[in-house]
Amino acid sequence: MAGRAAIVKKTGDRSRTGRRVLFYLALAVMSIPFVMPTWWMIISSLKPISEIFASPPTLWPANPTFDGYVKAFEMQPFAQQYFNSLYISVLVTAGTMLIASLAGYAFARIRFPGQNALFLVVLVGLLIPSEITIVPLFQIFNTMGLINTHWPILLVSTFGAPSVLATFIMRQFFLSLPIELEEAARLDGLGRLQIWWRIAMPLAGSALAAVAIFTFLHIWNLYLEPTVYLQSPELFTLPQALTRYTDAYGGQLWNVQLAAATMTALPVLVVFVLAQKQFVEGLAQSGLKG
Amino acid sequence: MTTLIKSPAGRASARPGGRRPLTHLQRDALAGYLFVAPQVLGIAAFVLVPLALVIYFSFHEWNVLANTFTFVGVANFERFLGDPQVAPVMRTTGIFSVALVFFNISLALLLAVMLNRSLAGITFFRTLFFSPVVVSLVAWTIVWGFLFQDNGGVNGALELVGVDGPNWLREGPTAMAAVVIVQVFKNVGLNMVLFLAALQGVPQELQEAARMDGAGPRTIFTRIVIPLISPTILLTFIITIVGSLQVFAQIAVLTQGGPGISTTVLVYYLFQQAFLFGEFGYGSVLSLVLFLIVLVLTVVQWQLRKKWVFYEN
């Protein structure tokens, strides 16, 4: 009896293990189109141009070289372009966090006449893709003489439509804070600014992280706006610069382009792997609540 | 001097109903206005004013070279109606959006269901599927462009299974497929995470109760899980549809709208007309069309919400 039970249990285990192996196998196969491009980008950037098109393709560079990386800096002011992307993304992210948490707090916690109408105005920014307003915005900045400067990107991204989702997320977060915390602070004679900064903001870490992550990613990846507003290579941002690595005939220099692409993608990817829990939760929160 | 400056203020405060110190509520309201001011003014300046200007510009012609700006009435709208490119551009936009939404949401849901269990290494796989979301869009598109070349990695992989692949980016239908593929794998992770969060909110007891009543996995999924996560499905639907209308970088980098105009979606056409050909008036008409599409989609989705969403917390 006992022996038979053991046998039954064993075969049950085996079929379960078998199913589990199949499951992992299916996941591994499905992950190929998600993982391969990034892997291919990194290893190809280390290959000499002759090896890039080797047939059959190799999964590891036989003669690794940093040639593409060196050329990336020689052919364009890549360090400058890197700095442009970095400072624009950081500045807009910081500005958005400030503006969105102020507005989000007021919409959630303060009562003032016309509040709903103003919130509706802000919501319009959420519904209108920036592509719709790009033509008039170009003309406005053209009249102001701000084309071929970073101002249009900095101003529109921080104050305009891209920051609305952040305000929305902050509002949702502040709505969920217990009101008693603030009432105690008011009795102690704190003003609104102090309550916002000293009571509400320190508790808003998770919402602020969500705002920071998606704002940074959004601005880091911006492509249409820089393409429209910027003309000089030394003002370019990274996504724009990546497409300009071509030879005299307009042919793509793959090793240089992939090296530059790797340098653009890898830092964010590394930060993501290190802080992936916050990333995924933050983005899930921004999506769910936004 | 001192008295001159002081006296009006002194008189004002002495007058009944004059400048008394603000009440608690007034001060609060003032704080409210100041707090929302940067955001509200930003939306006014960079969304509402441009929106009004789009309408204004659409009745004008802008000659960039001659630097003239003339009223042309509805000429730009007539041009839109007579433009032989409009029908194919609209069709391309529609096909792209439908294909993207279909593949993105079904793949995201499939992955979320597969990854919604506590097995060893499941977090690792979640990370893998999510990783393209954080890879720079243009970098991602460039490497796919590299893979989609005639002698590139995609055809190399197809060769392994004995298929002679097409020259992806040089033929209309496959170029379209390529753009959809690039976009689907880039952003599925985002929808997957939203679905995972929703699935984790589905009470286990409900599923177990149904199982006891003899319901199979499929019935449980379609009758219990899907209705319970329908708010999230609606949300991903909206995000993905509106996002699909905005696709630009992938087209600009992969195909420049070609071959022919087979991958020219509305946003790319708008960019071409306004910024490559300097047709700002006509570009404004195209912006208005995009605006109307987004508006209609938003209203329709809002209406559908009542029928669709079985459960909302």
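Residues numbered from 1 in each chain as written. Chains lettered and ligands numbered in written order. Predicted model: local features only at pLDDT ≥ 70, side-chain atom pairs only at ≥ 80, totals over all residues. Heavy atoms only, no water.

1. As for the overall build of chain B
Okay, so step 1: Within chain B, the regular secondary structure consists of 14 helices and two strands.
Okay, so step 2: Computed over the C-alpha atoms, the radius of gyration of chain B is 28 Å, more than 25% above the 20 Å expected from 2.2 N^0.38 for a compact globule of 313 residues.
Okay, so step 3: Based on the C-alpha atoms only, the size of chain B along its principal axes is roughly 95 × 65 × 35 Å.
Okay, so step 4: Taking all 313 residues of chain B together, 49% fall into the buried category.
Okay, so step 5: Here the contacts in chain B between residues at least 6 apart in sequence split such that 66% fall between residues at least 24 apart.
Okay, so step 6: Of the accessible surface of chain B, which amounts to about 15800 Å², a share of 66% is contributed by carbon and sulfur atoms.
Okay, so step 7: When the 18 positive and 13 negative side-chain charges of chain B are each reduced to one mean point, those points stand 21 Å apart. (Helix = DSSP H or I, 4+ residues; strand = E, 2+ residues; numbered from the N terminus. Rg over C-alpha atoms; globule rule 2.2 N^0.38 Å. Buried < 20%, exposed > 50% of the residue type's maximum accessible area, 1.4 Å probe, protein only. Contact = heavy atoms within 4.5 Å. Areas by Shrake-Rupley, 256 points an atom, 1.4 Å probe, with all protein chains shown as cover. Lys, Arg positive; Asp, Glu negative; His and termini not counted. Charge placed at Lys NZ, Arg CZ, Asp CG, Glu CD.)

2. A short note on the overall build of chain A
Okay, so step 1: Of regular secondary structure, chain A possesses 15 helices and zero strands.
Okay, so step 2: On C-alpha atoms alone, chain A measures out to a radius of gyration of 26 Å, which is more than a quarter above the 19 Å that the 2.2 N^0.38 rule sets for 290 residues.
Okay, so step 3: Counting only C-alpha atoms and orienting by the principal axes, one finds that chain A spans roughly 80 × 70 × 30 Å.
Okay, so step 4: Within chain A, the fraction of its 290 residues that count as buried is 49%.
Okay, so step 5: Sequence-distant contacts in chain A: of pairs separated by 6 or more residues, those separated by 24 or more amount to 70%.
Okay, so step 6: Within the structure as shown, chain A displays about 13500 Å² of accessible surface, and the carbon and sulfur contribution to it stands at 68%.
Okay, so step 7: Between the mean site of the 18 positive side-chain charges and the mean site of the 13 negative ones, chain A shows a separation of 18 Å.

3. What about the packing of helix 4 (residues 78–109) of chain A against helix 10 (residues 192–203) of chain A?
All names here are of chain A.
Okay, so step 1: At a minimum axis separation of 11 Å, helix 4 and helix 10 run at an interaxial angle of 105°. Here helix 10 runs roughly perpendicular to helix 4, going by the angle between their axes. Note on element contacts: helix 10 touches helix 4 through Arg192, Ile195, Trp196, Ala200 and Met201, opposite Leu98, Ser101, Leu102, Tyr105 and Arg109.
Okay, so step 2: Here the residues of the contact of helix 4 with helix 10 are counted per class, giving seven nonpolar, one polar and two charged. (Axes fitted to C-alpha atoms, helices over the stretch in contact; angles between N-to-C directions. Parallel < 35°, antiparallel > 145°, perpendicular 65-115°, else oblique. Nonpolar A, V, L, I, M, F, W, Y, C, P; charged D, E, K, R; others polar.)

4. Section: a negative patch on the surface
Okay, so step 1: Together, Asp150, Glu159, Asp164 and Glu171 of chain B make up a negatively charged patch on the protein surface.
Okay, so step 2: Mapped onto the secondary structure, Glu171 of chain B falls in the loop between helix 7 (153–160) and helix 8 (172–200). (Patch = residues over 30% accessible without salt bridge, like charges linked within 9 Å, V, L, I, M, F, W, Y side chains within 5 Å. Salt bridge = Lys/Arg side-chain N within 4 Å of Asp/Glu carboxyl O.)

5. Here's the deal with the pairing of strand 1 (residues 60–63) of chain B
Residues and elements named next belong to chain B.
Okay, so step 1: Here four bridges tie strand 1 to strand 2 (residues 68–71), and the two strands are oriented antiparallel to one another. If you follow Trp62 over to strand 2, its bridge partner there is Phe69.
Okay, so step 2: In textbook terms, the turn of a hairpin is the stretch between consecutive antiparallel strands, and for strand 1 and strand 2 this stretch comprises four residues, one of which, Asn67, has a positive phi near 55°. (Pairing = 2+ DSSP bridges.)

6. Observations regarding the pattern of salt bridges
Okay, so step 1: In this structure the tally under the stated criterion is six salt bridges over all chains.
Okay, so step 2: Two residues, Arg192 of chain A and Glu182 of chain A, come together in a salt bridge whose shortest N-O distance is 3.5 Å. In this pair, Arg192 of chain A is assigned in helix 10 and Glu182 of chain A in helix 9 (residues 180–187), connecting sequence segments ten residues apart. Glu182 of chain A matches Arg192 of chain A in its accessibility class, with the two residues each being buried.
Okay, so step 3: Across the pair Asp28 of chain B and Arg186 of chain A runs a salt bridge whose closest N-O atoms are separated by 3.0 Å. Of this pair, Asp28 of chain B sits in helix 2 (residues 24–57) while Arg186 of chain A sits in helix 9, on two different chains.
Okay, so step 4: For Arg186 of chain A, a relative accessible area of 26% corresponds to the partly exposed category.
Okay, so step 5: Connected through salt bridges with shared partners, the residues Arg109, Glu182, Arg186 and Arg192 of chain A together with Asp28 of chain B form a single ionic network.

7. Focus: the packing of helix 5 (residues 115–127) of chain A against helix 2 of chain B
Okay, so step 1: Following both chains from N to C, one finds helix 5 of chain A and helix 2 of chain B inclined at 45°, their axes separated by 9 Å at the closest point. Judged by the angle between their axes, helix 5 of chain A and helix 2 of chain B are oblique. Pair helix 5 of chain A / helix 2 of chain B crosses with left-handed handedness. Between helix 5 of chain A and helix 2 of chain B, the contacting residues are Leu118, Val121, Val122, Val124 and Gly125 of chain A on the first element and Tyr33, Val36, Gln39, Val40, Ile43, Val47 and Leu48 of chain B on the second.
Okay, so step 2: Taken together, the residues that form the contact of helix 5 of chain A with helix 2 of chain B break down as ten nonpolar, two polar and no charged. (Left-handed = near helix turned anticlockwise from the far one by under 90°.)

8. Quick word on the packing of aromatic side chains
Okay, so step 1: Counted by the stated rule, this structure contains 46 aromatic pairs over all chains.
Okay, so step 2: Here the aromatic rings of Phe275 of chain B and Phe280 of chain B are separated by 5.8 Å at their centres, their planes lie at 80°, and the arrangement is edge-to-face. The pair formed by Phe275 of chain B and Phe280 of chain B is uniform in burial state, with each residue classed as buried.
Okay, so step 3: A network of ring pairs unites the aromatic residues Phe138 and Tyr223 of chain A together with Tyr56, Phe57, Trp62, Phe69, Phe248, Tyr268, Phe271, Phe275 and Phe280 of chain B as a single cluster.
Okay, so step 4: The cationic tip of Lys47 of chain A hangs over the ring face of Trp40 of chain A; the distance from NZ or CZ to the ring centre is 5.0 Å.
Okay, so step 5: A cation over an aromatic ring shows up here: Arg79 of chain B above the ring of Tyr282 of chain B, its NZ or CZ 3.9 Å from the ring centre. (Phe/Tyr/Trp six-rings, centres within 6.5 Å; stacked < 30°, edge-to-face > 60°. Lys NZ or Arg CZ within 6 Å of the ring centre and 35° of its normal.)

9. Looking at the side chain of Arg109 of chain A
Residue and element names in this part refer to chain A.
Okay, so step 1: Mapped onto the fold, Arg109 is located in helix 4.
Okay, so step 2: Since its relative accessible area comes to 12%, Arg109 is described here as buried.
Okay, so step 3: For Arg109, the side chain forms a polar contact with the side chain of Glu182, separated by 2.6 Å.
Okay, so step 4: Ignoring anything within four residues of it in the chain, the contact list for Arg109 reads Phe174, Leu175, Leu177, Pro178, Ile179, Glu182 and Arg192. (Polar contact = N/O pair within 3.5 Å; in protein donor to acceptor, adjacent residues only side chain to side chain.)

10. As for the nonpolar core
Okay, so step 1: Within the largest apolar cluster, 175 residues are counted, with the highest numbers of intra-cluster contacts made by Phe174 and Tyr229 of chain A together with Met192 and Phe275 of chain B.
Okay, so step 2: Among all residues touching Met192 of chain B, those that are not within four sequence positions of it are Ala108, Leu111, Ala112, Leu115, Arg126, Phe129 and Phe130 of chain B. (Core = buried A, V, L, I, M, F, W, Y, C linked by side-chain atoms within 4.5 Å.)

11. What to know about the side chain of Gln149 of chain B
Okay, so step 1: Here Gln149 of chain B is to be found in the loop between helix 6 (137–147) and helix 7.
Okay, so step 2: A polar contact is formed between the side chain of Gln149 of chain B and the side chain of Trp254 of chain A, at a distance of 3.2 Å.
Okay, so step 3: Among all residues touching Gln149 of chain B, those that are not within four sequence positions of it are Phe53 and Trp254 of chain A together with Asn155 of chain B.

12. A word on the confidence of the model for chain B
All names here are of chain B.
Okay, so step 1: For chain B, the average pLDDT comes to 86, and 91% of its residues sit at 70 or higher.
Okay, so step 2: Every residue in residues 1–15 scores below 50 in pLDDT, and together they form three contacts with partners more than four places removed in sequence or on other chains.
Okay, so step 3: Prediction confidence for the complex, expressed as pTM and ipTM, is 0.87 and 0.87 respectively. (pLDDT = per-residue confidence, 0-100.)

13. Section: unusual backbone geometry
Glycine aside, the phi torsion of most residues is negative, and most peptide linkages are trans.
Okay, so step 1: Pro259 of chain B follows Gly258 of chain B through a cis peptide bond whose omega is -5°.
Okay, so step 2: The topology assignment puts Pro259 of chain B in the loop between helix 12 (249–254) and helix 13 (266–276).
Okay, so step 3: With a phi close to 65°, Asn148 of chain A is a non-glycine residue in the positive phi region.

14. Some points on the interface of chain A and chain B
Okay, so step 1: Taken residue by residue, the interface counts 86 residues in chain A and 82 residues in chain B.
Okay, so step 2: Across the interface of chain A and chain B, roughly 7400 Å² is buried in total on both sides, 82% from carbon and sulfur atoms.
Okay, so step 3: Counting every contact that joins chain A to chain B gives two salt bridges.
Okay, so step 4: Here the residues of the side of chain A that touches chain B sort into 64 nonpolar, 17 polar and five charged. (Buried area = accessible area lost by both parts, 1.4 Å probe.)

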